[in-house]
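# Reading the structure
Chain residues, written in single-letter form:
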Amino acid sequence: MVLDTPLLRVSRPVAACSRCRAAKVKCDGKLPACTACEKANRASECSSTNHQFARGKERSYVATLESKVERLEKKIAEARARRKSSSVLMHDVDSATPRRTSVDTVKATRPISKRAAKRKEASDIDELVSDFGLLAVNATARDFYGFTSAMSYARLILSASSKEPLPQGLHKALPPRFAATPLIQHYLDNIFTLLPVFDEASLYGCVDAVYHPDDAATSLDLWTVRMVLAIASLSQSEQRGDTLYSDAVGHVNAALEHAEDVLHPGFISSIQALLLLVEYAMMDPHHFDSWTLIGAASRAMVDLGIHQDPPRRSSIARTKLEIRRRVYWCIYALDRSTSLVQTRAYSFSDDSAHVSLPFHSSPTSPKHASSQVFLQSFDAALSYFKIREIQSEWYMDLFQSGRDPWPDPYPYVWKRYAKMTEWFQDLPAGILPSTRSLFELELMYSYVYMLSPSPCIPYIYEYAQRLIFEHCIGYATNLIAIISKPSNTLKPPITFYDAMRAYMTGRQFVDVLSRNMDVILDPVPPTPPT
């Protein structure tokens, strides 16, 4: 009996209980109640302060054990519920019933009101979104099982990236094909030339399926056409709330009706659909967070192994390899652009990836050569990928690789400066003037960004300050010229990122001017460093 019920006594109490301390009597610290409190029939009031509970909020030993038991019982009940749901799911699979989506995996045992269901759904989403950064998407999985609530990959992605809710009543009807064709061509001329995330022929295939009288379009076809129409409409919008902006929001609302069928882990088509949403979010930051979306696309891309080219000995179709490379380089360009603008870390490093550039395999037969004439040229996309590679290198070295100042940083800076200058001078002659003006804007922005203060270069030389001053003026001049063009002409789309770049260059302009106005405005330029 003595061994079964040991006396819970501490050899040296940390603090006397509240009653003994008030009466100024010796407290032996016995638990759950000291001897003095037991003799006074005050065992239930015996409590003491310690390092875990502050005075006035004391917890007795018994209460602590009871709360711990309650937490453990709750975990056991949750584990049993998950095990029961998993067994029910396995029974459904064995009985050869049609496979259900994750939304239908778990059903309520009793009917609940719509308001309670919405509260439960919001609570579950908040719980999952809080741990979204730790989510690992399984490349072999086609759905999520084991959730104790109605949750799916698509709903998780959209909940994590949503800002303002989209207006529910705003739904744009699918326009006639003759009205949709100019919008699709606008997308191909201005956006697809830089980010060819899919094959142009597959886009026309989606359009044919959507407008086919037999209604044979899949959810992916409808998503692709709707998102392309939304991006094209939004890129021509002059201000938030105009007709084109409302059309774009209506197309996105229509596209999101197919999100559950389109956004699934383990499919390249799902990543392509997610990239279209990233392109839209870059122009409509009020409703979606582009950084969250490109992060999700990057993780799904790495999970499928697209960041590494297959071994040469592996037999893979040329068209499939081409799509893999297109998807990787579009994600790479968007991820680098997003990280630079928002001064964040990359989703993946350059050293972790090894993927050749796409578009190298050109058809040689006369049959394919004749059809190639009507497709877009990818010279602009290759140049776009190249400048993102150069930016990625110096941004990682100067802003993300430590905080110790370099003793002599400018030899490194001038080499990268010359590399970007050569990139712009070597642009292919076939690039459209609108795209060339976009690249010149990108060049000016890169100059200002690289020459600005960084952890490795906290002090800027006077010559570098003069260059920042001049490049800021060049950036502002080119940006105003682009904005002044009519929206329905061939011009690069103005995105939220351009607003962030304009703010950054304006801030650097004011900063260098306030630091050393006399030297900057001096007609004689300062001597460049070695």
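Treat the numbers as computed from the prediction; the structure is a model and nothing was measured. (Residues numbered from 1 in each chain as written. Predicted model: local features only at pLDDT ≥ 70, side-chain atom pairs only at ≥ 80, totals over all residues. Heavy atoms only, no water.)

On to the overall build of the chain. Broken down by element type, the chain carries 20 helices and zero strands. Among the 530 residues that make up the chain, the fraction classed as buried is 43%. Taking the contacts inside the chain whose residues are at least 6 apart along the sequence as the reference set, 74% of them involve residues at least 24 apart. Surface summary for the chain: the accessible area is close to 29200 Å², and the carbon and sulfur share equals 56%. (Helix = DSSP H or I, 4+ residues; strand = E, 2+ residues; numbered from the N terminus. Buried < 20%, exposed > 50% of the residue type's maximum accessible area, 1.4 Å probe, protein only. Contact = heavy atoms within 4.5 Å. Areas by Shrake-Rupley, 256 points an atom, 1.4 Å probe, with all protein chains shown as cover.)

Before going further, it helps to spend a moment on the pattern of salt bridges. What the rule picks out here adds up to 15 salt bridges. For Glu260, the salt bridge is made with Arg155, and the minimal N-O distance between the two is 4.0 Å. Of the two residues, Glu260 is situated in helix α10 (residues 259-262) and Arg155 in helix α5 (residues 153-161); the sequence distance between them amounts to 105 residues. Overall, the relative accessible area of 27% leaves Glu260 in the partly exposed class. Here Arg388 ties to Glu442 by a salt bridge, and the two come within 2.9 Å at their closest N and O atoms. Of this pair, Arg388 sits in helix α15 (residues 379-399) while Glu442 sits in helix α17 (residues 433-451), and the two are 54 residues apart along the sequence. (Salt bridge = Lys/Arg side-chain N within 4 Å of Asp/Glu carboxyl O.)

Fine structural detail should not be taken from predicted coordinates in areas where pLDDT scores are low. Averaged over all residues, the pLDDT of the chain is 81; the fraction at 70 or higher stands at 78%. In this model residues 6-13 is a low-confidence stretch, pLDDT under 50, and it forms eleven contacts with partners more than four residues away in sequence or in other chains. In this model residues 361-374 is a low-confidence stretch, pLDDT under 50, and it forms five contacts with partners more than four residues away in sequence or in other chains. (pLDDT = per-residue confidence, 0-100.)

Our next topic: the nonpolar core. Soluble, globular proteins show a tendency: their nonpolar side chains are buried together. With 121 residues, the main nonpolar core has Tyr187, Trp223, Tyr280 and Trp394 as its most contacted residues. Not counting residues within four places of it along the chain, the set of residues in contact with Tyr280 comprises Met227, Ala230, Ile231, Leu234, Ala248, Val249, Val252 and Phe288. Core analysis: the second largest hydrophobic core is formed by seven residues, Cys27, Ala33, Cys34 and Cys37 among them. (Core = buried A, V, L, I, M, F, W, Y, C linked by side-chain atoms within 4.5 Å.)

Moving on: the environment of Leu441. Following the sequence through the fold, Leu441 ends up in helix α17. Here Leu441 falls in the buried class, since its relative accessible area comes to 4%. With 57 residues separating them along the chain, Leu441 and Asp498 place their C-alpha atoms 9.6 Å apart. Excluding residues within four positions of it along the chain, Leu441 makes contact with Tyr475, Asn478, Leu479, Ile482 and Asp498.

Counted according to the given criterion, the structure contains 29 aromatic pairs. Where Tyr328 meets Tyr332, the ring centres are 6.0 Å apart and the plane angle is 35 degrees; that geometry is what we call tilted. With Tyr328 and Tyr332 both in helix α13 (residues 318-342), this residue pair falls four residues apart, about one helical turn. The interplanar angle of 50 degrees and the centroid separation of 5.9 Å between the aromatic rings of Tyr328 and Phe348 together place this pair among those described as tilted. Remark: Phe348 occurs in the loop between α13 and α14 (366-372) and Tyr328 occurs in helix α13; sequence separation between them is 20 residues. With relative accessibility at 3%, the residue Tyr328 sits in the buried group. On the basis of relative accessible area, Phe348 is assigned to the buried category, the value being 7%. (Phe/Tyr/Trp six-rings, centres within 6.5 Å; stacked < 30°, edge-to-face > 60°.)

Another aspect to go through is unusual backbone geometry. Even without being a glycine, Asn41 presents a positive backbone phi close to 55 degrees. Along the chain, the position of Asn41 falls in the loop between α2 (35-39) and α3 (61-94).

What follows concerns the side chain of Asp309. Note on placement: Asp309 falls in the loop between α12 (290-303) and α13. For Asp309, a relative accessible area of 17% gives the class buried. Here the side chain of Asp309 touches Arg325 through a polar contact of 3.2 Å, side chain to side chain. The contacts of Asp309, once residues within four sequence positions are left out, are Leu321, Arg325, His354, Val355 and Ser356. (Polar contact = N/O pair within 3.5 Å; in protein donor to acceptor, adjacent residues only side chain to side chain.)

The next point concerns the packing of α17 against helix α18 (residues 462-483). Two elements in contact, α17 and α18, have axes whose closest approach is 9 Å; the angle formed by their N-to-C orientations is 150 degrees. Considering the angle they form, α17 stands roughly antiparallel to α18. The hand of the α17/α18 crossing is left-handed. Only Ala464, Leu467, Ile468, His471, Cys472, Gly474, Tyr475, Asn478, Leu479 and Ile482 of α18 make contact with α17, whose side of the interface consists of Ser437, Glu440, Leu441, Met444, Tyr445, Tyr447, Val448 and Leu451. (Axes fitted to C-alpha atoms, helices over the stretch in contact; angles between N-to-C directions. Parallel < 35°, antiparallel > 145°, perpendicular 65-115°, else oblique. Left-handed = near helix turned anticlockwise from the far one by under 90°.)

Glancing now at the packing of α18 against helix α19 (residues 496-515). Packing of α18 against α19 leaves a shortest axis separation of 9 Å and a crossing angle of 145 degrees. For α18 against α19, the interelement crossing comes out left-handed. Taken together, the residues of α19 that come into contact with α18 (itself represented by Gln465, Ile468, Phe469, Cys472, Ile473, Tyr475 and Leu479) are Asp498, Arg501, Ala502, Thr505, Gln508, Phe509, Val512, Leu513 and Arg515. By residue class, the composition of the contact of α18 with α19 is ten nonpolar, three polar and three charged. (Nonpolar A, V, L, I, M, F, W, Y, C, P; charged D, E, K, R; others polar.)

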